Amino acid sequence: HLRRKEHWLIVKGEAIVVLDGKEIGLKPGEAIDIPKGSAHRISNPKKTPLVFIEVQQGDYLGEDDILRLEDDYGRK
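Just so it is clear, the model here is predicted, and its values are computed rather than measured.

**Q** Explain the sheet that holds strand β6 (residues 51-58) to me, using residue names and the numbers behind them.
**A** Ordered in space as β4-β1-β6, the 3 strands form an open sheet in which the pairing is antiparallel. Looking at strand neighbours, the two that pair on one side only are β4 (31-34) and β6, the edges of this open sheet. The mean inter-strand angle of the sheet, taken between neighbouring strand axes irrespective of direction, is 15 degrees. When strand β1 (residues 4-12) meets β4, the two strands line up antiparallel, connected through 4 bridges. Directly across from W8, in β4, lies its bridge partner I32.

Scoring rules and cut-offs
Residues numbered from 1 in each chain as written. Predicted model: local features only at pLDDT ≥ 70, side-chain atom pairs only at ≥ 80, totals over all residues. Heavy atoms only, no water. Pairing = 2+ DSSP bridges. Helix = DSSP H or I, 4+ residues; strand = E, 2+ residues; numbered from the N terminus. Axes fitted to C-alpha atoms, helices over the stretch in contact; angles between N-to-C directions.

Below you can see the structure in the form of structure tokens.
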């Protein structure tokens, strides 16, 4: 995203966040800040559900602000 930053808070389960190439493990109660312009993704390494809250901050929050570097799900 070029125009927004994000804050992710893990509520349930465990997450692996890749932020600018660095893997960071997060557990419930832990959070991470995603700066504008950073390459990022989140994944669930376990079979239990992952629940997290994403707070978006910026002057524009539209989905067309996403630049997909890679997409395992075939989105455009």
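After presenting the structure, the write-up continues.
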